[in-house]
Amino acid sequence: WAAYCDTRYCVGLSNGTAVVEVTDPANPREVGTVTGRTSSWREIKIYQEFHVPTNRFRAFAYVTTEAGGAGVQVINLGGLPNTVTLATTLTDTGSQHTDYVSNIDYATNMALPGTQAFLWLAGSNVGGGSWRVYSLANAAQPQFIRQAPAAQYVHDATSLLITDQRTTQCSLGHNPCEVYVDFNENSVDLWDVTDKAQPVRLSSTTYSDVNYTHSGWPSADQRHIFVHDELEEIRRGLLTQIYTMNLDSLINPFIVASYQGPDTTTDHNGYTKGNLLYVSHYRRGLAIFDASTPSQLREVGHFDTFLSPSANTAGFDGAWGVYPFLPSGTILVSDINNGLFILRDRTAGLSQSAGQVGFVGTTATASENAGTARITLRRNAGFAGAVSIDYATSDGTATAGADYTAASGTLNWAPGDLGERTINVALVNDMATEANETFRIALSNATGGVAI
C-alpha cells in the first residue's frame, strides 16, 4: 500500500494511514497515523499547493479503500514534520479501489505549470465503479464535478498531457489535451477530459493475453504506456508479461508484449522516471527495467523484499507499491507482508556508464568427465555503448594439453546489453588418479570504457 508526500512517505496500513519521515533514509521516523476502516487495500495520493490566502505551502493526502462506508479521507499534512490530522471525509461514495491526482509533478506533488490538478476516483460503489473527477481548487474539500458517461468499472488510472500534433485527434482539437487513461479489467481506454463537463472516449484497446488489465504508467515522452495485467500468470500459468502500449495514435493505439520474465511472478504497479521503469513485483520485490526502447524492456535492477519464504511465483504477497520520485533518489517500497523498505538506487546512472565486466563468482568447478568447464561473466553497473574484453587461460596445477585445452578469445556486449557470457574450456578426461587441479582465466584489453 503506498503513496507519497515530499520527503515524508504515506503508507497504507490495514487499519489506517501512517506518515513516515525519510529525510534521513537510514533513520526513518513515523510522524503519526490516521486510523481508518479495516481493509486489505488502501491507496493514498498527495497534492501540494502554495495557498495564497495564508502565504504558505500546504499539502493533503487523499485516502481510498474498499472498506464499506469509509468514503475518502482527506489528511492535512500541514503540520509536518511534527503532526498529521484528519481534515475531513468525503461521503458521496462509500468505498473505492484507487484514486489518482492528474497534472502534477510527482517529485513535488504540485501542479504542472499552467495546469490545474484534479482528483479522480476509480472503482467506487457508485455508478458501476466508473471514474469520478473532483476539483482541487479547494484542496481541503474536493468538489465533485462529474462521473464518466459510461457505467464501466475502472480499477486504476493514470493521465497524459498532450501538446504535440496528436492534439488534432482530441475532441474539438483541444491543445493542450488532457487524456485520462482508464484500466478497466478488459482494456485500456483513453478519454479526452480537457473539458470535464464533456469527456470524450478516444479509444478502447485490449490485447491477446488479457485476463485483468490492472494498471499502467506513461513513458517519459508520453508516447507509450507500460501496462500490467494482474492475473495472466495466475489464471493461465504464463511467465511474467509486461505490455507496452504505443500511443503514436490516440484513436488507434496498440499493445505489444514488451517483456517476458524468467518465472510466473505477478507484476503489480509500475512507474517511470526517465528511461527507467520501477515495478512492484509482488513476490519478486522491486524490479527495475531499462525502458529506453519501450517495446523491448530489459531488467537492470532488482531487490527482493519477499525472502521468507522465497517464492518467485504468481501470487498476491510481497511488494505492493513503489515510489521512485523523491528528489533525493531514494526508492520506497511497501511490502504487504514485510513492511516499508527504503532503498538506495544504483540503477539511475546505468545509461550513462559503460559499467564493468567480471566473473560471476571467484571460482568455477567441473568434474573431469564432464568434458567442459563453463565460466560465466556478467556486465553490470552500466550499459552505455558497445564493450568487449579479451580472455585467455593459463596453467595452475593443471597443464594445457594434458588436463585441459587452452582457450582464448574476445567477448562482446552491444549497447544496452547486460546479458551473461560463458567461456567454455574443454577438459581432458584421462585414466590417471589425480588430486584436484586448477587453471586460471585472465581478462584483459577492455574496450568501450568498461572496467574489469
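Residues numbered from 1 in each chain as written. Predicted model: local features only at pLDDT ≥ 70, side-chain atom pairs only at ≥ 80, totals over all residues. Heavy atoms only, no water.

1. Notes on the overall build of the protein chain
Thought 1: Scanning the protein chain from terminus to terminus reveals 1 helix and 35 strands.
Thought 2: C-alpha atoms of the protein chain, sized along the principal axes, occupy 85 × 50 × 45 Å.
Thought 3: Within the span of the protein chain, comprising 452 residues, buried residues form 52% of the whole.
Thought 4: Of the accessible surface of the protein chain, which amounts to about 18,900 Å², a share of 49% is contributed by carbon and sulfur atoms.
Thought 5: Considering the protein chain, the positive charge centre built from 26 side chains and the negative charge centre built from 42 side chains are found 6 Å apart. (Helix = DSSP H or I, 4+ residues; strand = E, 2+ residues; numbered from the N terminus. Buried < 20%, exposed > 50% of the residue type's maximum accessible area, 1.4 Å probe, protein only. Areas by Shrake-Rupley, 256 points an atom, 1.4 Å probe, with all protein chains shown as cover. Lys, Arg positive; Asp, Glu negative; His and termini not counted. Charge placed at Lys NZ, Arg CZ, Asp CG, Glu CD.)

2. A closer look at the confidence of the model for the protein chain
Thought 1: Predicted confidence across the protein chain gives a mean pLDDT of 93, with 98% of residues reaching 70 or more.
Thought 2: The low-confidence segment residues 1-7, where pLDDT is below 50, has 44 contacts with residues more than four positions distant or belonging to other chains. (pLDDT = per-residue confidence, 0-100. Contact = heavy atoms within 4.5 Å.)

3. A look at the state of the cysteines
Thought 1: Here the structure, examined in full by the defined rule, presents 1 disulfide.
Thought 2: One disulfide in the model links Cys-170 with Cys-177; its S-S distance is 2.1 Å. Handedness of the Cys-170-Cys-177 disulfide follows from its S-S torsion of about -100 degrees: it is left-handed. (Disulfide = S-S within 2.5 Å.)

4. Points about the pattern of salt bridges
Thought 1: As enumerated under the stated definition, the model contains 15 salt bridges in all.
Thought 2: With a closest N to O distance of 2.6 Å, Arg-58 and Glu-49 form a salt bridge. You'll find Arg-58 and Glu-49 in the same group, each marked buried.
Thought 3: Among the salt bridges present, the one from Arg-236 reaches Asp-209, with a minimum N-O distance of 3.1 Å. Within this pair, whereas Arg-236 is found in helix H1 (residues 232-236), its partner Asp-209 is found in the loop between strand S18 (200-205) and strand S19 (213-218), the two being separated by 27 residues in sequence.
Thought 4: Its relative accessible area of 17% is what places Asp-209 among the buried residues.
Thought 5: Beyond isolated ion pairs, a larger network of salt bridges with shared partners links Asp-164, Arg-166, Arg-223 and Asp-248. (Salt bridge = Lys/Arg side-chain N within 4 Å of Asp/Glu carboxyl O.)

5. Some points on the sheet that holds strand S32 (residues 387-395)
Backbone hydrogen bonds hold the strands of a sheet together, and the pairing may be parallel or antiparallel.
Thought 1: With antiparallel pairing, the 3 strands of this open sheet are ordered in space as S33-S32-S35. Whereas interior strands pair on both sides, the edge strands pair on one side only; in this sheet they are strand S33 (408-413) and strand S35 (439-447). Across the sheet, the axes of successive neighbouring strands diverge by a mean angle of 25 degrees, strand direction being ignored.
Thought 2: In terms of strand pairing, S32 meets S33 through 6 bridges, oriented antiparallel. Each residue of the ladder has a partner; that of Asp-390, found in S33, is Thr-410. (Pairing = 2+ DSSP bridges. Axes fitted to C-alpha atoms, helices over the stretch in contact; angles between N-to-C directions.)

6. Some details on the environment of Ala-157
Thought 1: Tracing the backbone shows Ala-157 in strand S15 (residues 156-162).
Thought 2: Residues Ala-157 and Gly-173, spaced 16 residues apart in sequence, show a C-alpha to C-alpha distance of 23 Å.
Thought 3: For Ala-157, the contacting residues outside a window of four places in its chain are Tyr-100, Tyr-180, Val-181 and Phe-183.

7. A closer look at the nonpolar core
General note: in soluble globular proteins, nonpolar side chains tend to be found buried as a group.
Thought 1: One finds Tyr-62, Trp-120, Trp-131, Tyr-180, Leu-286, Ile-331 and Val-333 to be the most contacted residues of the largest nonpolar core, which totals 53 residues.
Thought 2: Considering each element in turn, this core owes the most residues, 5 residues, to strand S12 (residues 118-122).
Thought 3: Counting residues in each nonpolar core, the second largest holds 19 residues, with Ala-373, Ile-389, Ala-398 and Ala-407 among its members. (Core = buried A, V, L, I, M, F, W, Y, C linked by side-chain atoms within 4.5 Å.)

8. Regarding a nonpolar patch on the surface
Thought 1: Judged by side-chain polarity, Phe-50, Val-52 and Phe-57 come together as a nonpolar surface patch covering roughly 310 Å² of accessible area.
Thought 2: Among the structural elements, Phe-50 can be located in strand S5 (residues 42-51). (Patch = residues over 30% accessible without salt bridge, like charges linked within 9 Å, V, L, I, M, F, W, Y side chains within 5 Å.)

9. Brief notes about the sheet that holds strand S14 (residues 143-147)
Thought 1: Spatially, the 4 strands line up as an open sheet ordered S9-S12-S13-S14, and their pairing is antiparallel. Each edge of the open sheet carries a strand with a single partner, namely strand S9 (98-102) and S14. Averaged over all pairs of adjacent strands, the angle between strand axes in this sheet comes to 25 degrees, irrespective of strand direction.
Thought 2: Of the strand pairs in this sheet, S9 and S12 are connected by 5 bridges, and their pairing is antiparallel. Across the sheet, the residue bridging to Thr-98 is Ala-122, located in S12.

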